[in-house]
Amino acid sequence: MESKYNYFKRDISWLSFNYRVLLEALDERLPLYERINFISIYSSNLEEFYKIRVADHKAVASGATESDEETVQSARELVEEINKEVTRQLDDRVRIYEQKILPALRKNHIIFYQDNHVEPFHQQFIKDFFREEIFPYLQPVPVSKDKIVSFLRDNRLYLAIRVYPKKEEKNKGEETKENIEKYTGECINERNDGEGIKVGMEAARPNVTDLRQPLYFVMKQPYAKVPRFIELPSREKNHYLMFTEDIIKANLNLIFPGYDVDSSYCIKISRDADILIDDTASSADLVAQLKKKVKKRKIGDVCRFVYDRAMPSEFLDFLVDAFRIQRDELVPGDKHLNLEDLRHLPNPNKSLHSLEKPKPMKLTVLDEKESIFNYVAKKDLLLYYPYHSFEHFIHFLYEAVHNPETREIMVTQYRVAENSAVINTLIAAAQNGKKVTVFVELKARFDEENNLATAEMMQAAGIKIIYSIPGLKVHAKVALIRRRGLNGEKIPSYAYISTGNFNEKTATLYADCGLFTCRKEIVADLYNLFRTLQGKEDPKFTTLLVARFNLIPELNRLIDREISLADEGKQGRIILKMNALQDPTMIDRLYEASEHGVQIDLIVRGICCLIPGQSYSRNIRVTRIVDSFLEHARIWYFGNDGKPKVFMGSPDWMRRNLYRRIEAITPVLAPDLRDSLIEMLNIQLADNQKACWVDDKLQNIFKKRTPGTPAVRAQYTFYDWLNKTNS
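Source: prediction; values computed, not measured.

> Mind laying out the overall build of the protein chain, listing which residues take part and the relevant values?
When helices and strands are counted, the protein chain shows 20 helices and 28 strands. Burial statistics for the protein chain: of 727 residues in total, 57% are counted as buried. Put simply, of all contacts in the protein chain between residues at least 6 apart along the chain, 77% involve residues at least 24 apart. Carbon and sulfur atoms make up 48% of the accessible area of the protein chain, which amounts to about 33000 Å² in all.

What follows is the structure, encoded as structure tokens:
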């Protein structure tokens, strides 16, 4: 039955979020290089989006794959809509970069050459640098139609070049004279302002060139050998930077002796990076498939051809034909592509200050002398990353390694850092005689190779490895320390449930939280979950909410409770914080609750398919926060008539999370910890510096500070609150 409700398209909603990231580059309150970094993040996000999401739609549109969610025609229309919106956003990115960022750099005495104009005092340096540092690594490859097609590597920057053979002086002189007379007369007639001859002669030359047959080349930029950005000698108080490709363009005549270089433009290809595997395969077959298919990621089908929008149409047409590019794969870019590289832009002006981000704090109750085991045995502990130090979790594992009563350590691995302290500690535990079991999700996109390598390393150290479950992803972020007294008596075991991965690097960038507890009911549920991952039983969970088992029924019960309260004339209240809201079934439940008068606040960073501002969503508000840290925590609040219930865990409200993954959510039962999560939610809803409303047209409407009220920048305000309570 067709729903009476409407929804935003998932991918168009995501583009709205990514545009919000780009808008951070406009915030002049931020340090300049922080603004530049947001352009980099925007560009990197967009690249991955095309590799995965757009590539999937294109596969459906071409008939290569089937989909339960879209037809060939709807997939084609969606790709067209995506490209149209991306083109609009890229126009804004060009304006922000050229009209805001470059002038701000100049104001701070950093001259970033963007065109052919180079100061005379740098011209010899550029020639010498090209000859000595760049030229040896360049290899032009001819391009022609109806012959072998050169392979363009994924996300590599190429220079497309058009040249003409130089003519013999005799013929050249005769043809030039004839054409000069022809075109000079035409131009004088069009512009009789005293400059006619000059304009006419300039206009004549391209037409002379056009009489010759053009040749085309592509040349991969040698960024493995040469940095993308080159620092030129300073002059007085000014510093100078230049793109490597601009240095190459300035010296193309040295690469093509015997030719007249007509023009050159940057191009790049984005390729399908999704790995299609048999999800029902056994662990051994899955490992073999991944090892084979991950190597083919760089040679996937084309999903985007990005080109300098200044490229003439006939030049573009030639490349489209020569490289077999489909027209719906064309995305116009700016002169300099791959702006995700801006995160590496040198900062030669050391007086430019960087952003003072909150430094991870260590809890005073958990100083080096205090055992986390002893503390958690008395009361639950909640850590907020990156405001709290991830070293506390490492110390927790370290205690388990050296505690003689530790019987077993059980952990899920979704994404871990390279050279991970977590993995090294688990290996130390196995070498110390502890039983260690790690569930490794091999299907974590773009981390398949790292996960496989760390799994094999752990296995070699004696750790029991459980690989992916056929047909499912395990996204839960949980750890369990099982203990027993040396004389066999029962002593507390420890459970840890987190919203983020066991990754000490992302723990400094992502805003997450993790709960330590010894509560028997949670420990027992977590042990049952790990047994389920090993395929040993169909568990019953009493306290934890686990996707594909008891999560959806409990969410429905919680929403029904708020609807009942509203129907009774009491306050129905829901606050949901997550990364993404997409599942239409759960969105319908929120629409229904709104129609009954339940007041709902959504704090959704990314995809939000729920449409606010409709008759059926008049009591729903959608807030989006983009700031120094990536908001990553999933926290759910249900008012429950003044006795609030608060949950935290790993899932977003996406179809994949709720129905096709193993996710774990815990209620926060300690009143003080529950209140601290509520305080964080209230601070985020009060943000008037970095928060936006998402309206019914997917626009990011910045929240305005009411005169006389304090400025609230949620991430920094909450850090200050945590700091004051750290006693």
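> Before we move on, could you go through the environment of Pro-358 and cite the residues and values that matter?
Examined against the element boundaries, Pro-358 turns out to sit in the loop between strand S9 (330–333) and helix H11 (372–378). Sequence separation between Pro-358 and Pro-386 is 28 residues, and the spatial gap between their C-alpha atoms is 8.1 Å.

> Kindly report on the sheet that holds strand S24 (residues 645–649), identifying the contributing residues and their values.
The strand order across the open sheet formed by 9 strands is S18-S26-S24-S23-S19-S20-S21-S27-S28, and the pairing between neighbours is mixed. The open sheet terminates on both sides in strands that have one partner only, identified here as strand S18 (545–546) and strand S28 (700–702). The sheet contact formed by S24 and strand S26 (residues 664–667) spans 3 bridges and is antiparallel. Counted as the bridge partner of Gly-649 is Ile-665 from S26. Its contacts with the sheet place helix H1 (residues 10–23) against strand S21 (620–625), strand S27 (691–694) and S28, and it is angled at close to 40 degrees to S28.

> With reference to specific residues and values, describe the sheet that holds strand S5 (residues 229–235).
Spatially, S1-S6-S5 is the arrangement adopted by the 3 strands of the open sheet, whose pairing is mixed. Across the chains shown, the open sheet's two edge strands, defined by having one partner strand only, are strand S1 (110–113) and S5. Each adjacent strand pair in this sheet contributes to an overall mean axis angle of 25 degrees, direction not counted. In the sheet, S5 pairs with strand S6 (residues 238–243) via 5 bridges, with the strands oriented antiparallel. Across the sheet, the residue bridging to Phe-229 is Phe-243, located in S6. Set on the sheet, helix H3 (residues 72–107) makes contact with S1 and S6; between it and S1 the angle comes to about 135 degrees.

> Account for unusual backbone geometry, naming residues and giving values.
Along the chain, Tyr-385 connects to Pro-386 via a cis peptide bond; the corresponding omega equals 5 degrees. For Arg-324, which is not glycine, the phi dihedral falls at a positive 55 degrees. Its place among the elements puts Arg-324 in the loop between helix H10 (313–322) and S9. Classification of Arg-324 as partly exposed rests on a relative accessible area of 47%. Notably, Asn-640 is not glycine yet its phi reads approximately 55 degrees, a positive angle. Positionally, Asn-640 belongs in the loop between strand S23 (634–638) and S24. Its relative accessible area of 15% is what places Asn-640 among the buried residues.

> Can you lay out helix H13 (residues 421–431) for me, pointing to particular residues and giving the numbers?
Within the sequence span of H13, burial applies to Val-422, Ile-423, Thr-425, Leu-426, Ile-427, Ala-429 and Ala-430. On its buried side, H13 packs onto helix H12 (391–402), strand S11 (406–413), strand S12 (435–440) and helix H14 (448–460). The N-terminus of H13 is capped by Ser-420, whose side-chain oxygen sits 3.1 Å from the backbone nitrogen of Val-422. Count one or two residues on from H13 and you reach Gly-433, which has phi positive near 90 degrees.

> Explain the pairing of strand S8 (residues 302–308) residue by residue, including any values.
Each regular strand carries side chains that alternate between the two faces of the sheet. Across the 7 residues that make up S8, a large majority, 7, are buried. With 5 bridges connecting them, strand S7 (residues 259–271) and S8 associate as antiparallel partners. For Ile-267, the partnering residue across the bridge sits in S8 and is Tyr-307. When S8 meets S9, the two strands line up parallel, connected through 4 bridges. Its bridge partner lying in S9, Phe-305 is registered against Leu-330. Viewed along the sheet, the connection from S8 through H10 into S9 turns out right-handed.

> Give me the packing of H1 against helix H2 (residues 32–61): which residues, what numbers.
Pairs of packed helices are described in terms of their axes, by the angle between the two and the distance that separates them. Across the interface, H1 lies against H2 with an axial gap of 9 Å and an inter-helix angle of 170 degrees. One finds that H1 runs roughly antiparallel with respect to H2. Once H1 is placed against H2, the crossing between them reads as left-handed. For the pair formed by H1 and H2, the contact residues are Arg-10, Asp-11, Trp-14, Leu-15, Phe-17, Asn-18, Tyr-19, Val-21 and Leu-22 on the first element and Phe-38, Ile-39, Ile-41, Tyr-42, Asn-45, Leu-46, Phe-49, Arg-53 and His-57 on the second. Here the residues of the contact of H1 with H2 are counted per class, giving 12 nonpolar, 3 polar and 3 charged.

> Summarise the pairing of S27; cite the residues concerned and give the values.
By the bridge criterion, 3 bridges tie S21 to S27 in an arrangement that is antiparallel. Of the residues in S27, the one forming a bridge with Thr-623 is Trp-693. One ladder, built from 3 bridges, connects S27 with S28; its direction is antiparallel. Across the sheet, residue Cys-692 finds its bridge partner in S28, namely Phe-702. Once S27 ends, the chain turns through 5 residues before running back antiparallel as S28, passing Leu-698 with a positive phi of about 65 degrees.

Criteria and cut-off values
- Residues numbered from 1 in each chain as written.
- Predicted model: local features only at pLDDT ≥ 70, side-chain atom pairs only at ≥ 80, totals over all residues.
- Heavy atoms only, no water.
- Helix = DSSP H or I, 4+ residues; strand = E, 2+ residues; numbered from the N terminus.
- Buried < 20%, exposed > 50% of the residue type's maximum accessible area, 1.4 Å probe, protein only.
- Contact = heavy atoms within 4.5 Å.
- Areas by Shrake-Rupley, 256 points an atom, 1.4 Å probe, with all protein chains shown as cover.
- Pairing = 2+ DSSP bridges.
- Axes fitted to C-alpha atoms, helices over the stretch in contact; angles between N-to-C directions.
- Polar contact = N/O pair within 3.5 Å; in protein donor to acceptor, adjacent residues only side chain to side chain.
- Right-handed = clockwise from strand over helix to strand, strands pointing away.
- Parallel < 35°, antiparallel > 145°, perpendicular 65-115°, else oblique.
- Left-handed = near helix turned anticlockwise from the far one by under 90°.
- Nonpolar A, V, L, I, M, F, W, Y, C, P; charged D, E, K, R; others polar.

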